[in-house]
Amino acid sequence: MTWLQNNTDKVVDLLLSHLWLSALPIVLGFVIALPIGWYANRHRRIRGVLLSAAGVLYTVPSLAFFLILPSIIGTGFLSPANVVVALTIYAVAIMVRSATDAFASVSPAVLDAATATGFAAAGRAFRVELPLAGPVLVAGLRVVAVSTVSLVSVGALIGVNNLGSLFTEGYRTDNDAEILTGVIGIVILALVFDGLIVLVGRLLMPWATASRTTGTSLRGLARARR
Amino acid sequence: MSVVSDTIDWFSDSTHWSGDDGVPHRLVQHLGYTSLTIAIAAAVAIPIGLWIGHTGRLRGLAVVSSGALRALPTLGVLTYASLYTGIGIKAAIFTLVLLAIPPLLAGAYAGLESVDRQTIDAARSIGMTEWQILTKVEVPLALPLIVGGFRSSTLQVVATATVAAYIPGPGGLGRYLIDGLALRDYPQVVAGSVVVIVLALVLDGIFVLLQRLALRNRPAPVRSTV
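Residues numbered from 1 in each chain as written. Chains lettered and ligands numbered in written order. Predicted model: local features only at pLDDT ≥ 70, side-chain atom pairs only at ≥ 80, totals over all residues.

Asker: What exactly am I supposed to notice about the overall build of chain B here?
Answerer: A tally of helices and strands in chain B yields nine helices and zero strands. Along chain B, from the amino end to the carboxyl end, the secondary structure elements read α-α-α-α-α-α-α-α-α. Considering only C-alpha atoms, chain B reaches an extent of 70 × 40 × 30 Å along its principal axes. Expressed as a percentage of its 226 residues, the buried residues of chain B come to 46%. In chain B, of all internal contacts separated by at least 6 residues, the share reaching a separation of at least 24 is 74%. (Helix = DSSP H or I, 4+ residues; strand = E, 2+ residues; numbered from the N terminus. Buried ≥ 20, exposed ≤ 12 C-beta atoms within 10 Å, placed from the backbone. Contact = placed C-beta atoms within 7 Å.)

Rendered as structure tokens:
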């Protein structure tokens, strides 16, 4: 506690960087994965290929991913961009699978009914399919959020400052309070992101039942790695 | 790209293929940590997961604990543990086991959960003991998901064992990444990353085959005629 009181400014700074480094991949991952998942759900053959590709990308270990990216996209070895790009790719990889499941969970009869009542293709996608796929999308996004917040800390090893820097510094200076502050900060941040996603989900979809979300998030957990 | 050609040079240098710092030795170390970890974690997680799945008791505990464990940042747990265990592989093994448990638990539990209740009731009604139901009905039917748990957890451990090289003591492939960064020897960093990524992909491929095998060897599904 004393350590935290004496270093509040530093911890707040690191917390803010951690916030940005995780928020960016979570949001980007969601936005990129949504249309891919929608498309994959409609084209069986592409679906298999896309899902295998996502699986392969997610298999790449994080530290190795951060360090191989500079040779591929030409960033510096210690650039925060490596962390953001790698985590966005992981987020897309998890989210494409979730989004495909989410759109597949929408009953075809409902879609036919929407077409029959005069929805055009785009209107049907945004105003019928998207809201009905919502609960499963929320479940997937929760898995993405928790794993991203935790993975950002590995970025500290390549000199990208975030709460994970408290681990490397605490380890070097033999300071367990500093490391513990980082662990607790990251867990709290993960819970805040998770709570925020659940809250936004409830506000946008007041009809969705909680039980359904729990079921899919468990399956998501069983599937998600690292 | 000079880094790419330097990396190719690194691989063609025969000194990198022999001795304690050579790729074969580091690879064997890495696989050694991984197998030891999975063996310990499986000894803990599989019986508990099977018990929860078979009896249906403490389901909430399984879900919550795997969720909470996933939010824990690995680097934080690793550095914190190593302040108490000192230099050596104890902290690394402890952290890796902690990480390997949730996917194994989820796989075993979700696998048993996925078995059709009617099948279990049928087994019970023809006079099978609970032990026979577990070993002759539930486990064979749940095998693909149990193997899936091993797959997730192995890849998680391979990735995290790389990060574990941050603390001195454990060798493994992560040394190339951590030492290379410290020395600004980027060809070594990239070469090490390539080896780690290839290892992860190969292991994933092996597990895909095992999962297919598990799927093929399980009893044929009996269609309900209701």
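Now that the structure is up, let's keep going.
Asker: Sorry if this is basic, but what is going on with the overall build of chain A here?
Answerer: A count of helices and strands for chain A gives ten helices and zero strands. Reading the helices (α) and strands (β) of chain A from amino to carboxyl end gives α-α-α-α-α-α-α-α-α-α. Taken along the three principal axes of its C-alpha coordinates, chain A extends 65 × 40 × 25 Å. Going through the 226 residues of chain A one by one, you find that 47% of them count as buried.

Asker: Quick question: what am I supposed to make of the nonpolar core here?
Answerer: One broad rule of soluble globular proteins: the nonpolar side chains tend to lie buried together. M95(A), L96(B) and L104(B) are the most contacted members of the largest nonpolar core, which has 124 residues in total. Other than its neighbours up to four places away in sequence, M95(A) contacts G29(A), F30(A), A33(A), G140(A), L141(A) and V144(A). (Core = buried A, V, L, I, M, F, W, Y, C linked by C-beta atoms within 7 Å.)

Asker: How should I be thinking about unusual backbone geometry in this particular structure?
Answerer: Most peptide bonds adopt trans geometry, and most residues besides glycine take a negative phi value. The backbone of D174(A) shows a phi angle near 55°, a positive value even though the residue is not glycine. In this fold, D174(A) is placed in the loop between α8 (165-172) and α9 (176-204). D174(A) sits in the exposed class, given 9 other C-beta atoms within 10 Å. Despite not being glycine, R184(B) has its phi angle at roughly 55°, a positive value. For R184(B), a count of 10 C-beta atoms within 10 Å gives the class exposed.

Asker: Looking at this model, I keep getting lost on the interface of chain B and chain A. Mind explaining?
Answerer: Interface size is commonly expressed as the accessible surface area that is lost when the partners come together. Across the boundary between the two partners, chain B contributes 40 residues, which contact 37 residues of chain A. Those elements giving two or more residues to the side of chain B that touches chain A turn out to be α1 (2-12), α3 (59-71), α4 (74-85), α5 (90-113), α7 (130-163), α8 (174-182) and α9 (186-217) of chain B. Per-element tally for the side of chain B that touches chain A: the top contributor is α9(B), with ten residues. The residue makeup of the side of chain B that touches chain A, split by class, is 28 nonpolar, ten polar and two charged. (Nonpolar A, V, L, I, M, F, W, Y, C, P; charged D, E, K, R; others polar.)

Asker: What is the right way to look at α4(B) in this model?
Answerer: Between its first and last C-alpha atoms α4(B) spans 16 Å; for twelve residues at 1.5 Å apiece the expected length is 16 Å, and the two agree. When α4(B) is considered as a whole, its buried residues turn out to be T74(B), L75(B), G76(B), V77(B), L78(B), T79(B), Y80(B) and S82(B). In this structure, the buried side of α4(B) is in contact with α8 and α9 of chain A together with α5 and α7 of chain B. Of the residues flanking the end of α4(B), it is G86(B), one or two places downstream, whose phi is positive at about 80°. (Expected span 1.5 Å × (residues − 1).)

Asker: Got a minute to help me understand the packing of helix α3 (residues 44-59) of chain A against helix α5 (residues 80-104) of chain A in this structure?
Answerer: Helix-helix packing is described using two parameters, namely the angle between the two axes and the distance between the axes. Residue and element names in this part refer to chain A. Close contact between α3 and α5 brings their axes to 8 Å; oriented N to C, the two are set at 145°. At the point where α3 passes α5, the crossing takes the left-handed sense. Two secondary-structure elements touch here, α3 through R47, L50, L51, A54, L57 and Y58 and α5 through I89, Y90, A93, I94, V96, R97 and T100. Looking at side-chain class alone, the contact of α3 with α5 contains ten nonpolar, one polar and two charged residues. (Axes fitted to C-alpha atoms, helices over the stretch in contact; angles between N-to-C directions. Left-handed = near helix turned anticlockwise from the far one by under 90°.)

Asker: Whenever I open this one, the packing of helix α2 (residues 8-42) of chain A against α5(A) confuses me. Can you help?
Answerer: Residues and elements named next belong to chain A. One can describe the packing of α2 onto α5 by two numbers: an axis separation of 6 Å at closest approach and a directional angle of 35°. Considering the relative orientation of α2 and α5, their crossing is right-handed. Of the residues in the contact of α2 with α5, the class split is 24 nonpolar, five polar and no charged.

Asker: How should I be thinking about the confidence of the model for chain A in this particular structure?
Answerer: Regions with low pLDDT should not have their predicted coordinates read in detail. Residue and element names in this part refer to chain A. With 92% of its residues at a pLDDT of 70 or more, chain A shows a mean pLDDT of 86. Of all helices and strands in chain A, the one with the weakest mean pLDDT is helix α10 (residues 210-223) (45), whereas α2 scores best (93). Under a pLDDT of 50 for its full length, residues 210-226 has, in the predicted model, 37 contacts with residues more than four places off or in other chains. (pLDDT = per-residue confidence, 0-100.)

Asker: Where do I start with helix α6 (residues 108-116) of chain A in this structure?
Answerer: Every α-helix carries 3.6 residues per turn, so stepping three or four residues along brings you back to the same face. Within α6(A), only zero of the nine residues are buried, which leaves it mostly out in the open. Just past α6(A), the residue G118(A) takes up positive phi, approximately 105°.

Asker: Can you walk me through the confidence of the model for chain B in this structure?
Answerer: Model confidence for chain B is summarised by a mean pLDDT of 85, while 94% of its residues fall at 70 or above. In the model output, the complex is listed with pTM 0.85 alongside ipTM 0.83.

Asker: What is the right way to read the environment of F30(A) from this model?
Answerer: Residue and element names in this part refer to chain A. Among the secondary structure elements, F30 is positioned in helix α2. By C-beta crowding, F30 is classed as buried, having 21 other C-beta atoms within 10 Å. The spacing of F30 and V84 is 54 residues in sequence and 14 Å in space, taken between C-alpha atoms. Among all residues touching F30, those that are not within four sequence positions of it are M95 and L141.

Asker: I tried to follow the environment of S152(B) on my own but got confused; where do I start?
Answerer: Residues and elements named next belong to chain B. Structurally, the position occupied by S152 is in helix α7. In this structure S152 comes out as buried when scored by C-beta crowding, with 23 C-beta atoms within 10 Å. Taking the C-alpha atoms as reference points, S152 and D13, separated by 139 residues in sequence, lie 34 Å from one another.

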